[in-house]
Each structure stands twice: as C-alpha cells, then as structure tokens.
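# Summary of the model geometry
Given next are the chains, with one letter for each unit.
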Amino acid sequence: MENLYNSLKEKGYKRIKFKISKTQHLLIKAKINDIQGNFILDTGASNSCVGFDSIEYFELLAADSDTKAAGAGGTGMNTQTSLKNKLKIGRWTSKNFGLIIFDMSHVNEALRQYKAKPVHGIIGADILMQGKAIIDYYNNCFYLK
C-alpha cells in the first residue's frame with residue numbers, strides 16, 4: 001500500500017486521513033471559509049451539505065432554494081444553498097465550493113444515540129468527483145487531486 005501513496009503523490013494527489021466512528025461512518029476534519037468543522041465523508045451523498053445551525057458558524061451566505069432534500073432522514077426537507085465558499089480538506093482546496101443547507105438534526109440525533117459526536121455536515125460525491133477521489137480503507141485515508 002505504500003506504493004499507492006508514492007504513485008498518487010507523483011500524480012498530484014493529496015492524502016487525507018479519516019477516522020471511523022462508532023457508527024462506521026468515515027469522519028474527517030475540513031475547513032469551510034477558514035473555519036474548521038467535523039464532517040462525515042459520504043460516497044452516497046450526492047451533494048456536500050451542512051445544517052441550518054452552521055450558517056453563522058461557517059459565515060455562509062445562504063439563499064432559499066426550491067429543491068427538496070432526501071436522504072436517510074426522510075424526503076421533502078426544505079433546503080437553502082450557499083455558493084462561492086472556500087473548502088479545505090487537508091492540503092486540498094476548492095475555492096468555489098457550493099453547499100446544500102438543510103436540517104441535519106436527525107443525523108446528529110442518530111449519532112448521539114450511539115454516543116458518537118455530532119457533525120457539522122457531510123462531504124459528498126460532488127467533492128469526491130471534483131477531486132478524483134480514491135479511498136484507501138486499509139490505511140484509513142483518501143486522496144484528492
């Protein structure tokens with residue numbers, strides 16, 4: 001597996017560590033607009049998102065959206081969007097990052113029931129595809145280009 005790291009580093013990939021929670025979620029730290037938060041790395045989430053309660057925390061400019069969110073917590077959830085944010089995960093950066101904002105209380109309540117720490121949001125497939133992600137479960141890390 002060490003060869004994987006060297007090979008990807010030569011191709012411009014950045015390695016980012018993750019932890020595995022009690023609920024088997026992949027947990028990462030990331031910065032939105034230079035403010036650090038805790039996130040679930042979720043290959044099944046189409047878009048990256050944060051909760052309504054994180055709008056002020058991450059200094060987001062939120063706009064109403066007609067789109068309804070759907071996920072493990074249900075369907076038809078109201079959303080807002082925030083465009084043109086800066087995202088930094090490890091040494092990888094996106095300077096024009098868009099977010100979906102919705103009620104994540106059900107996510108954090110489920111985590112609390114398992115005595116796991118709450119999260120600010122979810123990093124989804126939009127970022128994983130943009131960064132041409134490669135996930136290395138064996139070494140608890142992933143790579144973004």
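Report on the accompanying structure. (Residues numbered from 1 in each chain as written. Predicted model: local features only at pLDDT ≥ 70, side-chain atom pairs only at ≥ 80, totals over all residues. Heavy atoms only, no water.)

Moving on, we get to the nonpolar core. Core analysis: the largest hydrophobic core is formed by 24 residues, its most contacted members being Ile-32, Leu-87, Ile-89 and Phe-142. Taken together, the elements giving at least two residues each to this core come down to β3 (26–32), β4 (35–41), β7 (74–89), β8 (92–102), α3 (125–130) and β11 (141–144). Once residues within four sequence positions are removed from consideration, Ile-89 is found in contact with Ile-16, Ile-28, Lys-29, Ala-30, Ile-123, Ile-127, Phe-142 and Leu-144. With 10 residues, the next largest nonpolar core counts Cys-49, Met-104, Leu-111 and Val-119 among its residues. (Core = buried A, V, L, I, M, F, W, Y, C linked by side-chain atoms within 4.5 Å. Buried < 20%, exposed > 50% of the residue type's maximum accessible area, 1.4 Å probe, protein only. Helix = DSSP H or I, 4+ residues; strand = E, 2+ residues; numbered from the N terminus. Contact = heavy atoms within 4.5 Å.)

What follows is about the sheet that holds strand β10 (residues 134–136). Within the open sheet, the three strands sit side by side as β1-β11-β10. Their pairing is antiparallel. Where the open sheet ends on each side, the last strands, each with one partner, are β1 (14–17) and β10. Averaged over neighbouring strand pairs, the angle between their axes works out to 25 degrees when direction is ignored. Here three bridges tie β10 to β11, and the two strands are oriented antiparallel to one another. Its bridge partner being in β11, Ile-135 is matched across the sheet by Phe-142. (Pairing = 2+ DSSP bridges. Axes fitted to C-alpha atoms, helices over the stretch in contact; angles between N-to-C directions.)

Within the secondary structure, Leu-27 is located in strand β3. Taking the C-alpha atoms as reference, Leu-27 lies 7.1 Å from Asn-38; in sequence the two are 11 residues apart. Those residues in contact with Leu-27 that sit more than four places away from it in its chain are Phe-18, Lys-19, Ser-21, Phe-39, Ile-40 and Val-119.

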